[in-house]
Amino acid sequence: MLTSVRLAWRTLRRSPAYLAAAVLTLALGIGATTALFGVVDRVLVRPLPYHDPARLVRVWDGAGMADGLLEDVRRQSTAYAAVAGFGYVNDVTVLARGAAGRAPSPGRSPATAVTGNLFETLGAPAAIGRTLLPDDGRPGAPLVAVLSDAFWRERFGADPRVIGRQVTIDGEPHEVVGVMPAEFHFPSASVAIWTPAHLDPTNRVNYWWMWRLNALARLKPGVTSARAEAETRGIVGRAGRQDFPSRMQDDFGRDLRVLPLQAALAGRARTTLVLLFGGVVVMLVVAVVNATGLALVRAAGRARELTVRAAVGAGRGRLVAQLVSEGVVVAGLAAMLGTVLAWALTRALAAALPPGLTEGVPGAESLGLDARALLFACAAALAAGVGAALLPALGASRVDLRGALTDGARGTTGGAGGRRGLARLVAAQVALGVVLAARAGLLATSLARLRAVDPGFRADRVTVANVPLPSGSYNDAVRGYAFYDALLARVRALPGVDVAALASEVPFAGGGGGGVFEIEAHPRPVGGQWSGVSYVDVTPGTARALGIPLVAGRYVGDADRTGGPPVGVVDAIAAHKYWPEFADPHGVLGQRVRRPDGSAWITIVGVVGNVRRDSLSAEPQPTLYLPMVQDAPHDMHVVTRGSLDAARLAPALRRVVAELDPAVPVGTVRGLAAAVDDSAARARFVTQVLVAFAAAAVLLAAVGVYGVAAFAVARRTREVGVRVALGAAPAAIRAMVLRDGGRLAARGVAVGLVGAVAAGWLARGALYGVAPVEPGVLAAVAALFGAVALAATALPARRAARIDPLVALRAE
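Residues numbered from 1 in each chain as written. Predicted model: local features only at pLDDT ≥ 70, side-chain atom pairs only at ≥ 80, totals over all residues. Heavy atoms only, no water.

### Remarks on the environment of valine 533
Among the structural elements, valine 533 can be located in strand 17 (residues 531-538). Between the C-alpha atoms of valine 533 and phenylalanine 517, which are 16 residues apart in sequence, the distance is 7.1 Å. (Helix = DSSP H or I, 4+ residues; strand = E, 2+ residues; numbered from the N terminus.)

This is the structure we're talking about:
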């Protein structure tokens, strides 16, 4: 073997062009595949860093599970060893005094409330102190908190004496009881603080305005997810029949799923990563096919050498081993270069991954090449190198000594069979390139249509900043009104601000919350079937600042004050959905709704246009806009329209807020147009990566077609010379070569279009506004590869047309 490898290296050094082309081709495919493998392995394959992670499951019931239902599952289930709950991640106002004793300053940090047994269920101990305990969530228990490693280092300077110190969360002092390890990130990497969830066991129905929990459970040994799901549906269904003996019981358990925790955490990323990994595997196959074609051409040129080896006694096995050894050497060099490329691509992918794609997956925040990725690179390189060398080796080892010696030592590799094999390889390469390019074209078209969607508002020149009030110090609405009124007056006076307003929720910028209302004109059905809606508190001028159009009636105005008649404005989708008897939105004006707590009726005074909330691809949801002064504001956003961008507004806004109350924090200040653009980050990321893969496949296909055409011209030199000697015009010779290249590309394009249709159907879940089969995209891809084939064949055709018949025949 060592002798074969040394001989292979000496042989390859005599063909530097082939060596460079083969190594670069394979390294490109290996590097890209290894980089994507590292991400896929970390997010989708590698076990979670918890105790016995295979038994951890996520119990998901649509928008979450009510407190009482969680308790029912915990008490009645025989499938779970433990059941825990965790809330949604929300930003909270935090005051924490650092280790140096400096004065605390307010800040916003992500936090979540969890049941006291969550950490025990995961099998995740604290690094310092302890985790939360079940007793921490009982009524009247002291308020405690567990900190993340990052928060502890940032706000407490990694002081090991942090246990027992206080951190104020939304105005309420909490005692620090523990710090989690740096590698613990649940339910997401952004969480800085965990607090106990104070549950209400009597709450069995998950109305939107009540506490919503996500359930996490550990299966008992031998119990499957399917069995646990069936049992849990039965428990939830019985609760519905017992407490709500109406048609609402049909909703209980209908959407319940029990999924392995790893699959649940990676749910958002799975489709994206599978799509990308499929694309990069296709590119790797294209690279292997290209390298195989190069090896075939090289083997054809070595016919005399192989004939001599066979004549002096080398058997077919020895010839195959020698040629495969050359493939191993090429694979080794490609592995080294591909690893360097994979390292660079991994860093680029880590920086380019859209926000939230791998949120909640442990370790995904520190992507990089590790031993598993390097092992994959070596295995992929070896398979690619040997695979690219094996077919040419098998063909070249079939040496006909008499035929080879009487045919100018051409051997069998340069005959018609070799040309047909090379042509098939290049046709396959073109077909795979068409599949990849068509998929990239579909995603690019989808992205263009997504970005053309009207969000229902104007984001240009709009800047948004969250300014929440600590609930402890602003525990009455009057103080909140006074603060926000003063803040709004000062912001409106800032230079460059044309319009300023407040809103509890700004589309694509966060905030707000779901709820339901009861419609006076439609008596509530028995069982509590109320109408779902998003509540948004606004001030006069909010619609103007955001550019939301008025459909009927009026906006919230200055006359809508505290103590006045409660009023509200609905959007067009709510008007159509909940008052279908009115064909004209004006008929909704004067209708009344109220919250399910029995508060005063709210009169609808206006209908506005529909607004998409956080995704251009998601349909608008029913919304009810209320005057801020008639609600209880605590978490409002400042919305400004004008020439004052985020970079200049941020310091001015922080100065204004500090003058009013230094304990009130200012959240992220950003332009709304950038937020809308970021909402398409995932689609843009996938499209850009697949377009890059498709471009590489097109380039490799061009090289392949050129190689076949050049090889055919070199092998048909005598034939071309005879044709020219018999009077064939140069134009006819060029047409002959171009025709052969065109037929080759046409076969590849035809097969590729069939594969592209299948690939489009597989990727339909990632498309927006685009059918899985788009004739325009397929036609464009076919035309692209036709043009590439024509360009790649043009140079060999020109060379063929210049062949001198006397020189060609004399050489024969």
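### Comments concerning helix 5 (residues 149-156)
Taken together, the buried positions of helix 5 are Asp149, Phe151, Trp152, Arg155 and Phe156. End-on view of helix 5: buried residues confined to an arc of 165°, all on one side of the axis. Residues of helix 5 that are exposed and point over 90 degrees away from its buried face: Ala150 and Glu154. Of the residues one or two after helix 5, glycine 157 is the one with positive phi, at around 60°. (Buried < 20%, exposed > 50% of the residue type's maximum accessible area, 1.4 Å probe, protein only. Arc of directions from axis to C-beta.)

### Here's the deal with the pairing of strand 8 (residues 172-179)
Strand direction decides the pairing type here: strand 5 (residues 128-129) and strand 8, joined by two bridges, are antiparallel. From the neighbouring strand, glycine 129 faces strand 8, where its bridge partner is glycine 178. In the sheet, strand 6 (residues 144-147) pairs with strand 8 via four bridges, with the strands oriented parallel. Its bridge partner lying in strand 8, leucine 147 is registered against valine 179. For strand 7 (residues 166-169) and strand 8, the ladder comprises four bridges, and the chain directions are antiparallel. Residue valine 167 lies in a different strand from strand 8, and its bridge partner there is histidine 174. If you look at the hairpin formed by strand 7 and strand 8, you'll find two residues sitting between the two strands, and aspartate 170 has a positive phi there, around 50°. (Pairing = 2+ DSSP bridges.)

### Re the packing of aromatic side chains
Evaluation of the coordinates by the stated rule reveals 12 aromatic pairs. Plain terms: the ring middles of phenylalanine 37 and phenylalanine 376 are 4.1 Å apart, the flat faces sit at 5° to each other, and that makes the pair stacked. Taken together, the positions of phenylalanine 37 in helix 2 (residues 16-45) and phenylalanine 376 in helix 11 (residues 371-396) put the pair 339 residues apart, joining distant regions of the chain. Relative to tryptophan 194, the ring of phenylalanine 119 has its centre 6.0 Å away and its plane inclined at 80°; by these criteria the two rings are edge-to-face. Placement of the pair is phenylalanine 119 in helix 4 (residues 118-122) and tryptophan 194 in strand 9 (residues 193-196), with a sequence separation of 75 residues. (Phe/Tyr/Trp six-rings, centres within 6.5 Å; stacked < 30°, edge-to-face > 60°.)

### A look at the side chain of glutamine 591
In this structure, glutamine 591 sits in the loop between helix 16 (572-578) and strand 20 (592-594). In this structure glutamine 591 touches Ala521, Trp579, Phe582, Ile602, Thr603 and Ile604, once residues within four positions along its chain are discounted. (Contact = heavy atoms within 4.5 Å.)

### Section: the pattern of salt bridges
Applying the stated criterion across every chain, the model contains 28 salt bridges. Here aspartate 498 ties to arginine 461 by a salt bridge, and the two come within 2.9 Å at their closest N and O atoms. Taken together, the positions of aspartate 498 in strand 13 (residues 497-503) and arginine 461 in the loop between helix 13 (416-451) and strand 12 (462-468) put the pair 37 residues apart, joining distant regions of the chain. Arginine 461 sits in the partly exposed class, given a relative accessible area of 44%. Salt bridges linked by common partners bring Asp41, Arg42, Arg46, Asp370 and Arg372 together as one network. (Salt bridge = Lys/Arg side-chain N within 4 Å of Asp/Glu carboxyl O.)

### Brief notes about the packing of helix 1 (residues 2-13) against helix 2
Helices that pack against each other are described as a pair by the angle of their axes relative to one another and the distance between those axes. Running from N to C, helix 1 and helix 2 point in directions that differ by 105°, and their axes come no closer than 7 Å. Here helix 1 lies roughly perpendicular to helix 2, going by the angle between them. From helix 1, Trp9, Leu12 and Arg13 reach across to helix 2, where they touch Pro16, Tyr18 and Leu19. Classifying every residue of the contact of helix 1 with helix 2 by side-chain character gives five nonpolar, no polar and one charged. (Axes fitted to C-alpha atoms, helices over the stretch in contact; angles between N-to-C directions. Parallel < 35°, antiparallel > 145°, perpendicular 65-115°, else oblique. Nonpolar A, V, L, I, M, F, W, Y, C, P; charged D, E, K, R; others polar.)

### Some details on the nonpolar core
One finds Val430, Leu436, Leu690, Phe693 and Phe785 to be the most contacted residues of the largest nonpolar core, which totals 59 residues. Secondary-structure elements contributing two or more residues to this core are helix 2, helix 8 (267-301), helix 13, helix 19 (681-715), helix 21 (730-762) and helix 22 (775-801). Looking at this core, the element that brings in the most residues is helix 19, giving 14 residues. For phenylalanine 693, the contacting residues outside a window of four places in its chain are Ala32, Leu36, Leu276, Gly279, Val280, Met283 and Leu436. With 30 residues, the next largest nonpolar core counts Ala459, Val462, Val536 and Val567 among its residues. (Core = buried A, V, L, I, M, F, W, Y, C linked by side-chain atoms within 4.5 Å.)

### Topic: the environment of alanine 800
Topologically, alanine 800 is positioned in helix 22. Counting along the chain gives 66 residues from alanine 800 to arginine 734, while the straight-line C-alpha distance between them is 6.8 Å. Each residue touching alanine 800, except ones within four places of it in the same chain, is listed here: Val713, Val720, Ile733 and Val737.

### Some remarks on unusual backbone geometry
Phenylalanine 186 connects to proline 187 through a cis peptide bond whose omega is 0°. Mapped onto the elements of the fold, proline 187 is located in the loop between strand 8 and strand 9. If you check the backbone angles, aspartate 52 has positive phi at about 45° while not being a glycine. The topology assignment puts aspartate 52 in the loop between helix 2 and strand 1 (56-61). At phenylalanine 508, a position not held by glycine, the phi torsion is positive, near 70°. Within the element layout of this structure, phenylalanine 508 appears in the loop between strand 14 (505-506) and strand 15 (510-511). Taking the relative accessible area as the measure of exposure, phenylalanine 508 reaches 11% and is therefore buried.

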